[in-house]
Amino acid sequence: MAKYNFNKELNRKGTSCIKWDMTETIWGKKNLLPMWIADMDFATPKFFTDALIKRVDGGVLGYGCRPQKWYDSIIAWFKDRYNWTITKDQLGFVPGIVVGIAHALRCFTKPGDKVLIFPPVYFPFANQIAYAKCKQVDCPLVIMETKDGEDFEIDFKLLEKKIKGCKAMILCNPHNPGGRVWSRAELQKIAKICLENNVFVISDEIHCDLSFKGHIPFATVNAKQAKNTITFHAPSKTFNCAGVGASEWVATDKALHDKFATYLRGGEFDAGHYDSFMPSSIFYSEKGKEWLSQAMDYIKGNIDYVEKFLKDNFTAQTIELSGKKIRTETSDGVAEEYAEAKIGTTQLIKMIRPQASFLIFLDFRNLGLSQKELVDFVVDKAHLALNDGAMFGAGGEGFMRLNVGCPRKTMERAMGQLKAAFCKKYKL
Ligand SMILES: Cc1ncc(COP(=O)(O)O)c(C=O)c1O
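These remarks concern the structure in this document.

Conventions adopted
Residues numbered from 1 in each chain as written. Predicted model: local features only at pLDDT ≥ 70, side-chain atom pairs only at ≥ 80, totals over all residues. Near = placed C-beta within 6 Å. Nonpolar A, V, L, I, M, F, W, Y, C, P; charged D, E, K, R; others polar. Pairing = 2+ DSSP bridges. Helix = DSSP H or I, 4+ residues; strand = E, 2+ residues; numbered from the N terminus. Contact = placed C-beta atoms within 7 Å. Axes fitted to C-alpha atoms, helices over the stretch in contact; angles between N-to-C directions. Right-handed = clockwise from strand over helix to strand, strands pointing away. Core = buried A, V, L, I, M, F, W, Y, C linked by C-beta atoms within 7 Å. Buried ≥ 20, exposed ≤ 12 C-beta atoms within 10 Å, placed from the backbone.

Around the ligand, the surrounding shell holds 13 residues, and the nearest of these are Ala38, Gly96, Ile97, Val98 and Tyr122. Considered class by class, the residues forming the shell around the ligand number eight nonpolar, four polar and one charged.

To continue, consider the sheet that holds strand E16 (residues 387–388). Two orientations exist for strands paired in a sheet by backbone hydrogen bonds: parallel and antiparallel. Taken together, the four strands give an open sheet; going across it, the order is E13-E14-E17-E16, and neighbouring strands pair in antiparallel fashion. Two strands lie at the open edges of the sheet, namely strand E13 (350–352) and E16, each paired on one side alone. Helix H12 (residues 286–313) contacts E13 and strand E14 (359–363) of the sheet and is inclined by roughly 145° relative to E13.

Moving on, we get to the pairing of strand E6 (residues 149–153). Here strand E5 (residues 142–146) runs beside E6; their pairing, made up of five bridges, is antiparallel. By the bridge assignment for E6, Glu145 is matched with Glu150. Hairpin connection of E5 to E6: two residues between the antiparallel strands.

Read from one edge of the open sheet, seven strands run E2-E10-E9-E8-E7-E3-E4, paired in mixed fashion. On the outer flanks of this sheet lie strand E2 (91–94) and strand E4 (135–138), each paired with one strand and no other. Between one strand axis and the next, the sheet turns through 25° on average, direction left out of account. Relative to strand E10 (residues 247–250), E2 is paired through four bridges, and the arrangement is antiparallel. Its bridge partner lying in E10, Val94 is registered against Ser247.

The next subject is the pairing of strand E3 (residues 114–117). Bridge count for E3 against E4 is four bridges, and the pairing is parallel. In the strand pairing of E4, Leu116 is matched with Val137. Since E3 and E4 lie parallel, the crossover through helix H6 (residues 124–131) that links them has a hand, and here it is right-handed. Looking at chain direction, E3 and strand E7 (residues 166–172) are connected through three bridges and run parallel. Following the sheet pairing, Val115 is matched in E7 by Ala168.

Quick look at the environment of Phe361 now. Tracing the backbone through its elements, the reader meets Phe361 in strand E14. Between the C-alpha atoms of Phe361 and Phe399, which are 38 residues apart in sequence, the distance is 6.3 Å.

Counting residues in hydrophobic clusters, the biggest one holds 110 residues, and the most contacted among them are Val115, Met169, Ile360, Leu362, Leu384 and Val404. Broken down by element, this core gets its largest block of residues, seven residues, from H12. Excluding its chain neighbours within four sequence positions, the residues that come into contact with Val404 are Ile299, Asn302, Ile303, Val306, Phe358, Ile360 and Met411.

See the structure below:
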């Protein structure tokens, strides 16, 4: 069994990567630790880069085509991991999922149509709805207390109301940010509501292979709704190869599949470059599974580390004064009244523990800062480049998204910087 080393710190600066090379341009500040955009600071597995080198060594970088292996590996991956049986003629290629969503909106909606999303959610959904000249309809998630902390839930009563008149929905399954893995019952409820309202569903399942608690493809929960659904999936997040530009889509309904495939063909939007078909063909394999399982153990370790760090370092004693008065007699017989005080603890910086993937939604709401003050605290004082929670839409205020797909040392540095900024701000 190969043992992969996720502790190794790689110098990605100067490699034309967005995460490390664009941080200064975007934030206008030097020396921020980049923990934002969703790629991981782990080496792409060598069995993949070796195959790529071999291909380049072949010497000719002509047009690539979809090998049979590309189809077979995806079909086997879905069957093996999610018990989802699909066929070759239900599959399609797009370079990226946002590209795919943009085209699906153009193909299946028209300007002015209403498209529902569940904010706070991956912000390009809203951008693409606007670019397609559709109307965004928000059905904000609600935060519920759970036995382990807090988590996002769908407000189904609100969904029943908001879905009226919508043409489409973009579902994030699992959800980003927050990493919520939707249960079968929840997906069934969504499917039923969409079916009753004739709503086309775009299900973005890019984070599903990184789930810590299983995954249910939306298209498997309701056969009728599946006929009005396109699912997007990719090896990009799972195996840290987002830059290669390789994603797949599935439509189990023939008419829907043909319509989208023809649309894509029209602009050659389904064309990949010479190695676009390699990631799925190579990663959806025993070697890929082995790497993924070790990567997920490591990511889980980082999530545990952050969870413990936040509890240990940002929990404060609080004194709550109730309106109830306590009467005491002093030694000289004078009666005094005090408000009853309850001593408790409050965790000032918390997190929503992700059930999938390597992105943690950090909850700073107990600090009582405005969003501008929060960004100033995290970016200017803690020198961390995190995604501003507000950019994910309604309900994202008070949060910042932290990418923990990195070596533990980077994680420790980030938490150390957060603690130092906290101690300085609150004079501890
Ligand atoms: C939910 C979701 N969809 C899509 C993407 C991006 O996919 P792509 O790079 O293939 O467009 C991301 C990246 O973070 C994501 O979180």
